[in-house]
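Letter by letter, the chains look like this.
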Amino acid sequence: KEVNSMFEKYDFPYDVIWLDIEHTDGKRYFTWDKLKFPAPEKMQAHIKGFGRKMVNIVDPHIKRDNQFSLHKEAEKNGYYIKTKDG
(Lines give C-alpha, C1' and ligand atoms only; values in the text may rest on other atoms or scores of the structure.)
Protein backbone atom coordinates (compact mmCIF):
# COMPACT_ATOMS: atom_id res chain seq x y z
CA LYS A 1 0.00 0.00 0.00
CA GLU A 2 2.81 2.38 0.86
CA VAL A 3 4.50 2.08 -2.53
CA ASN A 4 1.21 2.47 -4.38
CA SER A 5 0.20 5.45 -2.25
CA MET A 6 3.41 7.28 -3.15
CA PHE A 7 2.77 6.72 -6.86
CA GLU A 8 -0.73 8.13 -6.29
CA LYS A 9 0.53 11.06 -4.21
CA TYR A 10 2.90 12.21 -6.96
CA ASP A 11 0.52 11.27 -9.79
CA PHE A 12 3.16 8.95 -11.23
CA PRO A 13 1.56 6.68 -13.84
CA TYR A 14 2.16 2.95 -13.82
CA ASP A 15 0.25 -0.17 -14.87
CA VAL A 16 2.31 -2.97 -13.33
CA ILE A 17 4.48 -3.36 -10.28
CA TRP A 18 7.12 -6.08 -10.37
CA LEU A 19 8.38 -7.95 -7.32
CA ASP A 20 11.81 -9.55 -7.58
CA ILE A 21 12.98 -12.50 -5.48
CA GLU A 22 13.07 -10.39 -2.31
CA HIS A 23 9.32 -10.97 -1.89
CA THR A 24 10.02 -14.63 -1.10
CA ASP A 25 10.80 -16.41 2.15
CA GLY A 26 14.55 -16.99 2.07
CA LYS A 27 14.69 -16.74 -1.74
CA ARG A 28 12.50 -19.84 -2.04
CA TYR A 29 10.21 -19.37 -5.04
CA PHE A 30 6.48 -19.93 -4.59
CA THR A 31 6.69 -18.53 -1.04
CA TRP A 32 6.16 -15.12 0.58
CA ASP A 33 8.27 -13.34 3.17
CA LYS A 34 5.65 -13.14 5.93
CA LEU A 35 7.33 -10.18 7.64
CA LYS A 36 7.57 -7.98 4.57
CA PHE A 37 4.34 -9.24 2.97
CA PRO A 38 2.00 -10.46 5.73
CA ALA A 39 -1.13 -10.39 3.53
CA PRO A 40 -0.18 -10.89 -0.14
CA GLU A 41 -3.75 -11.54 -1.30
CA LYS A 42 -4.97 -8.28 0.22
CA MET A 43 -1.99 -6.42 -1.23
CA GLN A 44 -2.75 -7.72 -4.71
CA ALA A 45 -6.46 -6.90 -4.34
CA HIS A 46 -5.50 -3.37 -3.28
CA ILE A 47 -3.33 -2.88 -6.39
CA LYS A 48 -6.07 -4.38 -8.58
CA GLY A 49 -8.51 -1.85 -7.14
CA PHE A 50 -6.50 0.86 -8.90
CA GLY A 51 -6.67 -1.04 -12.21
CA ARG A 52 -3.07 -2.20 -11.86
CA LYS A 53 -1.39 -5.57 -11.91
CA MET A 54 1.38 -7.19 -9.90
CA VAL A 55 3.98 -9.60 -11.26
CA ASN A 56 5.86 -11.86 -8.88
CA ILE A 57 9.05 -12.99 -10.56
CA VAL A 58 9.70 -16.73 -10.66
CA ASP A 59 12.94 -17.90 -12.25
CA PRO A 60 13.24 -21.49 -13.51
CA HIS A 61 15.13 -22.91 -10.57
CA ILE A 62 14.44 -24.27 -7.10
CA LYS A 63 16.60 -23.29 -4.16
CA ARG A 64 18.51 -26.33 -2.91
CA ASP A 65 17.56 -25.94 0.72
CA ASN A 66 16.64 -28.90 2.90
CA GLN A 67 14.18 -26.69 4.78
CA PHE A 68 12.24 -26.01 1.55
CA SER A 69 9.51 -28.60 0.95
CA LEU A 70 9.61 -28.16 -2.83
CA HIS A 71 13.33 -28.98 -2.91
CA LYS A 72 12.85 -31.99 -0.63
CA GLU A 73 10.11 -33.34 -2.89
CA ALA A 74 12.18 -32.79 -6.05
CA GLU A 75 15.21 -34.47 -4.50
CA LYS A 76 13.21 -37.42 -3.16
CA ASN A 77 11.41 -38.06 -6.46
CA GLY A 78 14.37 -37.42 -8.79
CA TYR A 79 12.78 -34.42 -10.51
CA TYR A 80 16.00 -32.46 -10.96
CA ILE A 81 17.71 -32.47 -14.33
CA LYS A 82 20.65 -34.85 -14.44
CA THR A 83 23.70 -35.29 -16.62
CA LYS A 84 23.77 -38.22 -19.04
CA ASP A 85 25.62 -40.17 -16.32
CA GLY A 86 22.84 -39.61 -13.80
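Residues numbered from 1 in each chain as written. Predicted model: local features only at pLDDT ≥ 70, side-chain atom pairs only at ≥ 80, totals over all residues. Heavy atoms only, no water.

## Description of the overall build of the protein
The cut-off we apply is this: The numbering of helices and of strands both runs from the N terminus, where a helix is a DSSP run of H or I of at least 4 residues and a strand a run of E of at least 2. Throughout, radius of gyration means the C-alpha value; the globule benchmark is 2.2 Å times the number of residues raised to the power 0.38. Using a 1.4 Å probe on the protein chains alone, a residue whose accessible area is under 20% of its type maximum counts as buried, one over 50% counts as exposed, and one in between counts as partly exposed.
Helices and strands together make up the secondary structure of the protein, namely 3 helices and 2 strands. Ordering the α and β elements of the protein from the N terminus gives α-β-α-β-α. Taken over C-alpha atoms, the radius of gyration comes to 17 Å for the protein, far larger than the 12 Å a tight globule of 86 residues would show. A total of 86 residues make up the protein; the buried ones form 26% of that total.

## Regarding the layout of surface pockets
So the rule is basically this: The definitions used throughout rest on a 1 Å grid laid over the protein atoms alone, on which a cavity is an enclosed set of points accommodating a 1.4 Å probe that cannot get out and a pocket is an open set flanked by protein within 12 Å on both sides along at least five of seven lines; lining residues are those having an atom within 4 Å of a point. Grid points are joined across faces, edges and corners, and a volume is the space filled by probe spheres set on the points. Side-chain classes are defined by residue name, with Ala, Val, Leu, Ile, Met, Phe, Trp, Tyr, Cys and Pro counting as nonpolar, Asp, Glu, Lys and Arg as charged, and the others, Gly among them, as polar.
Estimates place the volume of the largest pocket at around 250 Å³. As for the largest pocket, its lining consists of 14 residues, of which Lys-1, Glu-2, Lys-36, Phe-37 and Met-43 are closest to the centre. Taken together, the residues that form the lining of the largest pocket break down as 9 nonpolar, 1 polar and 4 charged.

## Topic: the pairing of strand 2 (residues 53-56)
What counts here: Strand pairing is assigned whenever DSSP identifies at least 2 bridges connecting the two strands. We call a crossover right-handed when, viewed with both strands directed away from the observer, the connection leading from the first strand over the helix to the second proceeds clockwise.
In terms of strand pairing, strand 1 (residues 16-19) meets strand 2 through 4 bridges, oriented parallel. Looking at the pairing, Leu-19 lines up with Asn-56 of strand 2. Where the polypeptide runs from strand 1 across helix 2 (residues 40-48) and back to strand 2, its parallel neighbour, the crossover connection is right-handed.

## Re the nonpolar core
Which entries qualify depends on this criterion: Residues belong to one nonpolar core when they are buried, are Ala, Val, Leu, Ile, Met, Phe, Trp, Tyr or Cys, and are joined through side-chain atoms within 4.5 Å. Residues are treated as being in contact if the distance between any of their heavy atoms lies within 4.5 Å.
Tyr-14, Ile-17, Leu-19, Phe-37, Met-43, Ile-47 and Met-54 together form the largest nonpolar core, which totals 7 residues. Sorting the residues of this core by element identifies strand 1 and helix 2 as the ones contributing at least two each. Other than its neighbours up to four places away in sequence, Met-43 contacts Leu-19, Trp-32, Phe-37 and Met-54.

## Side note on the side chain of Thr-31
Basically, it comes down to this: Any pair of nitrogen or oxygen atoms within 3.5 Å is treated as a polar contact; in protein, a donor-acceptor pairing is required on top of that, and neighbouring residues in sequence qualify only through side-chain atoms on both sides.
Along the chain, Thr-31 turns up in the loop between strand 1 and helix 2. In this structure Thr-31 comes out as buried when scored by relative accessible area, which is 19%. Of note is the side chain of Thr-31, whose polar atom sits 3.0 Å from the backbone nitrogen of Asp-25. A distance of 2.4 Å separates the side chain of Thr-31 from the backbone oxygen of Arg-28, its partner in a polar contact.

## Concerning the packing of aromatic side chains
This is how it is decided: Only centres within 6.5 Å qualify two rings of Phe, Tyr or Trp (six-membered ring in Trp) as a pair; their planes then separate them into stacked at under 30 degrees, edge-to-face at over 60, and tilted for everything else. Charge-over-ring placement is defined geometrically: NZ (Lys) or CZ (Arg) within 6 Å of the ring centre, and within 35 degrees of the ring normal.
Within the structure shown, the criterion is met by 3 aromatic pairs. When the ring of Phe-7 is compared with that of Tyr-14, the centres are 4.4 Å apart and the planes differ by 45°; the resulting orientation is tilted. With a relative accessible area of 24%, Phe-7 lands in the partly exposed category. It is Arg-64 that lies over the ring of Tyr-80; its NZ or CZ is 4.5 Å from the centre.

## Let's talk about the pattern of salt bridges
This is how it is decided: By salt bridge we mean one thing: a side-chain nitrogen of Lys or Arg within 4 Å of a carboxyl oxygen of Asp or Glu.
Within the structure shown, the criterion is met by 5 salt bridges. The partner of Arg-28 in a salt bridge is Asp-25, and the shortest N-O contact between them spans 3.5 Å. What makes Arg-28 buried here is its relative accessible area of 16%. On the basis of relative accessibility, which here comes to 37%, the residue Asp-25 falls in the partly exposed class. Here Arg-28 ties to Asp-65 by a salt bridge, and the two come within 2.8 Å at their closest N and O atoms. Of this pair, Arg-28 sits in the loop between strand 1 and helix 2 while Asp-65 sits in the loop between strand 2 and helix 3 (69-77), and the two are 37 residues apart along the sequence. Residue Arg-28 shares its accessibility class with Asp-65, and that shared class is buried. Here the salt bridges share partners, and the residues they tie into one network are Asp-25, Arg-28 and Asp-65.

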